[in-house]
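# Descriptive analysis of the structure
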Amino acid sequence: MVGDIMQPPVVHKRILKLMGNRFEISLVSDNEEWAHSRIDMAVAEIARIERLLTTYNEESETNQINAMAGIAPVMVDKEVFDLISRSIRISALTQGAFDITYGSIDKSLWNFDVNMTVLPDKETALNSVRLTNYQNIELDAENTTVFLKEKGMRIGFGGIGKGYAADRAKLILQQAGVSNGIVNAAGDLITWGNQPNGRPWTIAIADPDKADKPFSSVDISNMAVATSGNYAKYAVIDGKRYSHTIDPKTGLPVSGIKSVTIICPSAEFADAMATPVTVMGAQVGLHLINQLQHVACIIVTDDNKVFTSKNINIK
């Protein structure tokens, strides 16, 4: 406030690198100092989650679980236990197309750039995913322990962690009195409330062939959007484009889909579902999404056809 003149509410924004990704936190307020103190709270929460889930710190619970694979169960924070439990349910829902035990995949097989000219043979690829099996995660709810049954198994939260962090940051901001905002975790974003003009937030859907240009947009409030696309990392082999997304069942990269956008109330669920729909393919993926309540999907195939679930209209 300046004198007796009330400042109009505007969007206050901060961009920073967290969890190895670009986060953008935006909120609506008429008080800049208040807004940035709230953004500080959201940043602290995302940093806390990063410490819990990272595989780059030997002390993290994720690394402790991986270190004890095939040896003994590890007691973890209930928050980590619950996230793993939800991840397993998503694995079951997607018939293994989503799987947090992907961490054991041999990364040396893959280099998605112009230098990649051949795929590994089927046997080598299959061997690279032999330890990827969510059914070999043993949970003990009473003791909040996690046990990976086979030595060498590794879990990782790359497919769900950013969305979970966005949801948590939103909750922290709402509890601190923020009524309108967006948390964007490298394209996995959650919105609540409205823009300063009272209208819903307009979210651009990236064009798979021009990642910096939208091909459509959706107006949303209190919803999350996540996109998985092969426009950033892919390889063209014998004229066919292969996504950097690996099918956990075969160990081979998937093809046929350029991008999948999921819209639903939870950034965690949107984040987790975008990749498995890519793996499942347009027909099977849309069939699954159409059976879920409050979940919508936009798929762009390699031949530039756009498919949408039955409950969505795009501009």
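Okay, empty space enclosed by the protein next. Under the counting rule described, the total for this entry stands at one cavity of 30 Å³ or more. Taken as a whole, the largest cavity holds about 30 Å³ of empty space. For the largest cavity, the full set of lining residues is Ser228, Gly229, Asn230, Ser243, Thr245, Ile257, Lys258, Ser259 and Thr278. For the lining of the largest cavity, the secondary structure elements donating two or more residues are strand E10 (224-229) and strand E13 (257-264). The greatest single-element share of the lining of the largest cavity, amounting to three residues, is contributed by E13. Residue classes in the lining of the largest cavity are distributed as one nonpolar, seven polar and one charged.

What follows concerns the state of the cysteines. On inspection of all chains with the given rule, the structure shows zero disulfides. Free of any disulfide, Cys297 has its nearest neighbouring cysteine sulfur in Cys264, separated by 10 Å. The exposure class of Cys297 is buried, given its relative accessible area of 0%.

Attention shifts here to the sheet that holds E13. Taken in spatial order, the eight strands line up as E1-E2-E6-E7-E10-E13-E14-E15 in an open sheet, and their pairing is antiparallel. Since the sheet does not close on itself, it has two edges, and those belong to strand E1 (10-18) and strand E15 (306-308), each with one partner. Ignoring strand direction, the axes of neighbouring strands in this sheet form an average angle of 10 degrees. Relative to E15, strand E14 (residues 296-301) is paired through three bridges, and the arrangement is antiparallel. Within E15, the residue paired with Ile298 across the bridge is Thr308. Helix-sheet contacts for helix H1 (residues 32-53) involve E1 and strand E2 (21-29), and the interaxial angle to E1 is about 25 degrees.

Moving on, we get to unusual backbone geometry. Its identity is not glycine, yet Thr144 carries a phi of approximately 45 degrees, on the positive side. On the secondary structure map, Thr144 appears in the loop between strand E4 (137-140) and strand E5 (145-148). Look at Thr144 and you get buried, because its relative accessible area is 17%. Phi angles above zero are rare outside glycine, and Ala186 is one such case at about 50 degrees. In this structure, Ala186 sits in the loop between strand E6 (181-185) and strand E7 (188-192).

Moving on, we come to the environment of Gln283. Structurally, Gln283 can be placed in helix H7 (residues 282-291). Sequence separation between Gln283 and Ile49 is 234 residues, and the spatial gap between their C-alpha atoms is 35 Å.

Before going further, it helps to spend a moment on the pairing of E2. Regular strands have side chains that alternate between both faces of the sheet. Counting buried residues in E2 gives seven out of nine residues, a clear majority hidden from the surface. As defined by bridge partners, E1 adjoins E2 across nine bridges and the pair is classed as antiparallel. Bridge pairing in E2 links Leu18 to Asn21. Where E1 hands over to E2, the hairpin turn is made up of two residues, of which Met19 adopts a positive phi near 55 degrees. Two strands pair when backbone bridges link them, and E2 and E6 are joined in this way by five bridges, in the antiparallel orientation. Among the inter-strand pairings, Leu27 is bridged to a residue of E6, identified as Gly181.

Each value, and the rule that gives it
- Along every chain, residues carry numbers that run from 1 in the direction the sequence is written.
- Thresholds applied to this predicted model are a pLDDT of at least 70 for local features of residues and 80 or more for the giving and counting of side-chain atom pairs; totals over whole chains, interfaces and linings are not thresholded and use all residues.
- For the side-chain quantities, the full set of heavy atoms in the structure was used; hydrogens and water were omitted.
- Put plainly, a pocket is an open set of points on a 1 Å grid over the protein atoms alone with protein on both sides within 12 Å along at least five of seven lines, a cavity is a set where a 1.4 Å probe fits but cannot get out, and a lining residue has an atom within 4 Å of a point.
- Grid points are joined across faces, edges and corners, and a volume is the space filled by probe spheres set on the points.
- Think of it this way: any DSSP run of H or I at least four residues long counts as a helix, any run of E at least two long counts as a strand, and we number them from the N terminus.
- In the scheme used here, Gly and all other residues not listed as nonpolar or charged are polar, with Ala, Val, Leu, Ile, Met, Phe, Trp, Tyr, Cys and Pro taken as nonpolar and Asp, Glu, Lys and Arg as charged.
- To count as a disulfide, a pair of cysteine sulfur atoms needs to be within 2.5 Å.
- The rule is simple: take the accessible area with a 1.4 Å probe, protein chains only, and divide by the maximum for that residue type; under 20% is buried, over 50% is exposed, in between is partly exposed.
- If DSSP finds at least two bridges between two strands, the strands pair.
- Each axis is a line fitted through C-alpha atoms, and for a helix only the stretch in contact is used; angles between axes span 0 to 180 degrees, taken between their N-to-C directions.
- Contacts are assigned to residue pairs that have any heavy atoms within 4.5 Å of one another.

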